[in-house]
Each structure stands twice: as C-alpha cells, then as structure tokens.
Amino acid sequence: MFGCYSKAQGFKHGGCGACVVLLSKYNPVLDQVDDFTVSSCLTLLCSINGCSITTIEGLGNTKDGFHPIHERFFGFHASQCGFCTPGMCMSLFSALVNAEKTPRPTPPPGFSKLEVSEAERAIVGNLYRCTGYRPIADVCKSFAADIDMEDLGFNSFWRKGDSKEVKINSLPFYSPVSIEELQRLLGFVEGGNGSRVKVVVGNTDMSYYKELESFDKYIDFRCIPELSMIRRDDTGMIIGATVTISKAIEALREGNIVWKKISNHMEKVAFGFVRNSTSLGGNLVMAQRNHFLYDIATVFLAVGSLVNLMYGLKSEEITMEEFLRRPELDLKSILVSVKIPDWDRIMSISLGTKMKLFETYRAAPRPLGNALPYLNAALMAKISRCASSNGMVVSDCRFAFGAYGTKHAIRATKVEEFLTGKVLSVDVLNEAVKLLRSIVVPDDDTSYPAYRSSLTAGFLFKFFSHLVEGNAESPNGYVNGYSTLMSSARHLDHGKVSTLLTFGKQEVELNKQYHPVGEPIAKSGAVIQASGEAVYVDDIPSPTNFLHGAFIFSTKPLARVKGIILKPKSVADGVNAVISFKDIPGENLGINTGFGPEPFICR
C-alpha cells in the first residue's frame, strides 16, 4: 500500500496482531455484511476479492482528523514506541463496529454498545512489548457504556492497461464454486504437470508451519456452498469444513450445554483475528496430517463427532477416532463436513433417571489461548444413583486426551471400560487414575513429561471428585456445592466460574511543589502512532546503491578462531566486500564493560 505505514510486521505468522485490519464481507445466507479482523501477514491477496478492507488510515489521520480511538490512546498514555498500536486500534474498532449491530439500548454520548467484558477481550490477541496493558485496557473500556469511570486509570481527559478479466485470469489463484469444479482442478493437479499446489481457506497454517518454498497455484475452498454451510437437525449439527472457527463458535453457543462448553473451549484456540480466518476443517486436517497439537480434535473426539470425507465421486462418514488414525490425507481427499451429535436429544431418550457430565480441560502457558497446550482433555459420562448405597454409578463414559506428546488425540478406552458399571469411590477413582497414567504416556522427546502425565490424573480426578462416595450428601441435597437431586435436573454442569480478566486501580497524588512534574501530560507523538502515520526505520526507502551488512558467524560453537580463509566460490552473489578487523580505522572496540573490552569484529 503506497504511503501507508500502519501494517507493521511483527512475528509475521499471526502471533502478535501488529498487522490486523478489518475485513468486511457480504454474507449471502444472512443477507448482511460481516465485519471481522484478520492478520494481514496471513491473508492472501486474491482471497479478499469482493471484500472491503479498512486499515488504520481509514479511521483518521492528521489531515482529516483523528478517530476517537486514536485520541483515547493518546489521552490514556497507552503507547510508547507505537509499533503495535495500529493493530490494537483496529481490533478495538472491529469490536465497536460489531457491538453497534446488536439490539442493545442506545448508549450515552461518547460511549458505545460495547460491554466492559467485550472491550477487554477485543485486544486479547494483540501483544505489546513496551509497557503494561493497563492503559491499553483502559482505552478499550472507556468506550463501554457499563464502565465505572472510577476504574479508569491516569489520563488526560478529565480536564476541560490489461482488462480486469485478463488480470484476474492471470493470477495463480483458483476459487472453485462447486465440488465438481474442485475435483476437476485437483484431478488436473494430480495429472503430473509439475506444479506445486496449496489448498487454502484462511492460510493460517503459516502461523505454525513455515513455508520455505513457494507454490505455483493456490486453490481456495471458501466459495463452495457444500463446504461452508451450518445445518442443524434432530440428530446434531453439521458444520462445513470451510466454516471459520469463529462462526462455528457462534453456532455452537446457541445449542445445548455440551455444545456451549465446546464453544467456550474453542475460544481458547488462537486469537479472534486468527479464528476469523482459520477454518474448522483446516484445523482438523492439520491434526490428522501434521499431528497439530491444538484442542478441537480432542473435544470432537470425546463427543463422538463424525467426519464426512469425499474421494473423487465416493464419499463416506467415519468417526473422528478413525479419521485421526488413518494415513495422512492426500490432495484429492476432501474433508466436507463434521457432525457433532445432539447429546441432549440422545440422552433424553436413554438417560431416564440418570444425569450426564461433560467438561473440557486445558493446561497451557496462557489460559486465554494462543498457546500450545501441555495437555487438553474432554470427558463425558452418564451417572445414576446407586440403588444399594449412597454412591453414584457410572453407566457410560467417553474420555479423550491430546497434546501430551503423541501424534494425535486418543480415547482412554481401557479407563472407560474400567469405570463403566462401578460405584464411584476414592479407591475406584485412584485405580482409574493409575490406569490412565499407564495409557497416556508422553513420547521420550516430549518436554515436561512428568507434568503432562500428572495433568491427566488431575483432570480425571477433578471431573469425578465431587461425586465420590466419600463426599457425603448434606441435608439440603448438595454435594460440595453441586446439586444431586435427580428430579430437579438431569444435567450436572460443574463448569468453571468466569472471572474478570483484569482489574486495577491507580491513584496519583499530585504535588504542586514540583509542578509540572507529575501532571498528566500526553506524549506528543502518541496520536500519530495510533493513526499509523508514524514512520519507522523499515518504512524509509533505501537509497540508490545501498549496501546491507551481515555478520559472518563461526560454524562451530565454543571454538577458538585461528584464522579466516575465504574461498572465492563460497562468496554469495551480490556480496560487494568482506570486512574484517583489519578494515576498522582506529581501535577494534565494540563495547567496554566491567569485564573488560569486547572487540567489534573477532580477529
């Protein structure tokens, strides 16, 4: 983009949010425009055909005036170097745009329909290296109509040629609109013309698997109706393979308790601007083909999901367990959809006086997501009151564990068989834990194997601990705070209590003795950093005949360099000169520390 500097490149694989922009796309099913954030570094240019892109320059600038978001980043002292700030502004802008579409009451002037909890989550995927997140969170929350103004921190506001068709056809990008057209394209690829082809939907696999070589052709699946639908019937929900994880989360959230728990867990997969692009099918194929360690395959395995595959003119529906065990899918194998059973309906027929339990677990360096887990798990069980004792009987169960150091998620079938039909007790649970730890064993080269193994035991114990026989029932019909009354409810939802993400209060006492030290004076450059107009070194074009320097490192660690011999054939093309310590005028000094001088270039 000419003259635009806001699309900063940070991690370059969707992990920081510095290059986030707003993508607006027409949804023909709902007859509306969907607005969502995407990472520029992962989004292929041809995939945004027919879409509208809003960058930070579209919000405001020094010439046309700044957006309130820019002004509040300025006033809340929420920027330092400002490199990451435009991406944060766009994440917040997207949240504001989507909040205005909701049927909530009209907010007071200066505020929006955004709620505080949504405001905090708006920038959860944006990393900021310079300073703390408190002033940035204050900026986001300052737009929320339900904000308590006393919770906001220190700030400066509390004072008064070719045709278009030829160009498109020359692009190495195909967007088939039907399964038949896709099969013809894949058949042509398999014909052996030597082209390197990549199948894409969101192209977010680049955030984990780096591409060291280029592709000749790209095939985008997103325009195929059969792969992009969400359909619900009496037996469950069918989600097309190209449906984004964000859309799948929205659909599942409207369903039964099991689906809602699945949607809550899926919100910990990557960040919002990545989930808006990445497809459900792509995530599952990565788990099957590349042994990807994320959570969706594990959760779907526990609930008995079915996978619809197509090979040429043939199609079949298999279990998630069989899908993960099969050899890696080739290019001509198409994952069409995933079906998640409706356990409310299934269990309402078979439960009778029984209850169902379902819970998902995840242990990762960051609890809100975008971190590969040490272990994930999904546990489901049917339980009933024992007729001969005060205990609970497990009539059926399904346990799935993943990301602990093996190729893919597995079901702990031996543990399921052991617990089925038994009355829950401390001894039974301890035996189940021992059996589980003998099954879920990390590979030898897995990091923290003992920790991962202990997590499996902890998750299983946590799932059943409130129902073991040792927890005697209190007179009011509750066990450790959980209802056990069979007549009042068949579902036992012992989910986690949601907590406020961040809370902080800053009190500053101003002293006139040192005026103006301590006054809330905003940094003059903050507003142009927020608007994307700040120019960094990478934005400055290189002058004519500009040379770049690079260090030559030793190929052996902890070695003494006795001499440097450069062979003419070993010098790469484009190298103008090799500089050694002999070319440095004066003293060869890089830094002088308390430990002595260090040379700039080794002798």
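Residues numbered from 1 in each chain as written. Predicted model: local features only at pLDDT ≥ 70, side-chain atom pairs only at ≥ 80, totals over all residues. Heavy atoms only, no water.

1. Comments concerning helix α4 (residues 134-141)
Residues spaced three or four apart along an α-helix point in a common direction, a consequence of the helix completing one turn every 3.6 residues.
Then, number 1: Buried residues dominate α4, accounting for seven of its eight residues.
Then, number 2: Those residues of α4 that sit buried are P135, I136, A137, D138, V139, C140 and K141.
Then, number 3: Here the buried face of α4 lies against α1 (68-75), α2 (85-99) and α3 (116-122). (Buried < 20%, exposed > 50% of the residue type's maximum accessible area, 1.4 Å probe, protein only. Helix = DSSP H or I, 4+ residues; strand = E, 2+ residues; numbered from the N terminus. Contact = heavy atoms within 4.5 Å.)

2. A word on the pattern of salt bridges
Then, number 1: Counted under the stated rule, the structure contains 17 salt bridges.
Then, number 2: With its nearest N and O atoms 2.5 Å apart, the salt bridge here joins E267 to R253. Here E267, found in the loop between α8 (257-266) and α9 (272-275), pairs with R253, found in helix α7 (residues 245-253); they are 14 residues apart in sequence, far enough to count as distant.
Then, number 3: Residue R326 is joined to E322 by a salt bridge in which the shortest nitrogen-to-oxygen separation is 3.0 Å. (Salt bridge = Lys/Arg side-chain N within 4 Å of Asp/Glu carboxyl O.)

3. Overview of the side chain of R411
Then, number 1: Mapped onto the elements, R411 comes out in strand β15 (residues 410-411).
Then, number 2: Here R411 is in contact with L301, E321, C397, R398, F399, A400 and E416, once residues within four sequence places are set aside.

4. With respect to the pairing of strand β11 (residues 333-341)
Then, number 1: Most of β11 sits out of view: nine of its nine residues are buried.
Then, number 2: Here strand β8 (residues 236-240) runs beside β11; their pairing, made up of five bridges, is antiparallel. Within the sheet, the bridge partner assigned to G240 lies in β11 and is S337.
Then, number 3: As paired elements, strand β9 (residues 306-311) and β11 share six bridges and run antiparallel to each other. The residue of β11 that forms the bridge with V307 is V338. (Pairing = 2+ DSSP bridges.)

5. Quick look at the nonpolar core
Then, number 1: With 79 residues, the main nonpolar core has I262, M266, F300 and F323 as its most contacted residues.
Then, number 2: It is α2 that contributes the most residues to this core, eight residues altogether.
Then, number 3: Once residues lying within four places of it in the same chain are set aside, the contact partners of I262 are L252, V299, F300, V303, I340 and F358. (Core = buried A, V, L, I, M, F, W, Y, C linked by side-chain atoms within 4.5 Å.)

6. Looking at the packing of aromatic side chains
Any aromatic ring pair is given by two values, namely how distant the centres are and how the planes are angled relative to each other.
Then, number 1: Applying the stated criterion across every chain, the model contains eight aromatic pairs.
Then, number 2: Plain terms: the ring middles of F271 and F273 are 6.2 Å apart, the flat faces sit at 55° to each other, and that makes the pair tilted. Summarising the burial analysis for this pair, F271 and F273 share the class buried.
Then, number 3: Pairing F399 with F464 gives two aromatic rings, centres 6.1 Å apart and planes at 75°, and the pair type is edge-to-face. Residue F399 is located in strand β14 (residues 392-402), and its partner F464 is located in helix α16 (residues 449-464); the two are separated by 65 residues in the primary sequence. This pair shows no difference in class: F399 is buried, exactly as F464 is.
Then, number 4: The rings of Y374, Y448 and Y451 are connected pair by pair, giving a single aromatic cluster.
Then, number 5: It is R72 that lies over the ring of F143; its NZ or CZ is 3.9 Å from the centre.
Then, number 6: A cation over a ring is seen here: K422 above F418, with NZ or CZ 4.4 Å from the ring centre. (Phe/Tyr/Trp six-rings, centres within 6.5 Å; stacked < 30°, edge-to-face > 60°. Lys NZ or Arg CZ within 6 Å of the ring centre and 35° of its normal.)

7. Digging into the packing of α7 against α8
Then, number 1: α8 packs onto α7 with a crossing angle of 150° between their chain directions and a minimal axis gap of 8 Å. By the angle between their directions, the pair α7 and α8 is classed as roughly antiparallel. For the pair α7 and α8, the sense of crossing is left-handed. Residue-level contacts link I245, A248, I249, L252 and R253 of α7 to W259, K260, I262, S263 and M266 of α8.
Then, number 2: Among the residues forming the contact of α7 with α8, the class breakdown is seven nonpolar, one polar and two charged. (Axes fitted to C-alpha atoms, helices over the stretch in contact; angles between N-to-C directions. Parallel < 35°, antiparallel > 145°, perpendicular 65-115°, else oblique. Left-handed = near helix turned anticlockwise from the far one by under 90°. Nonpolar A, V, L, I, M, F, W, Y, C, P; charged D, E, K, R; others polar.)

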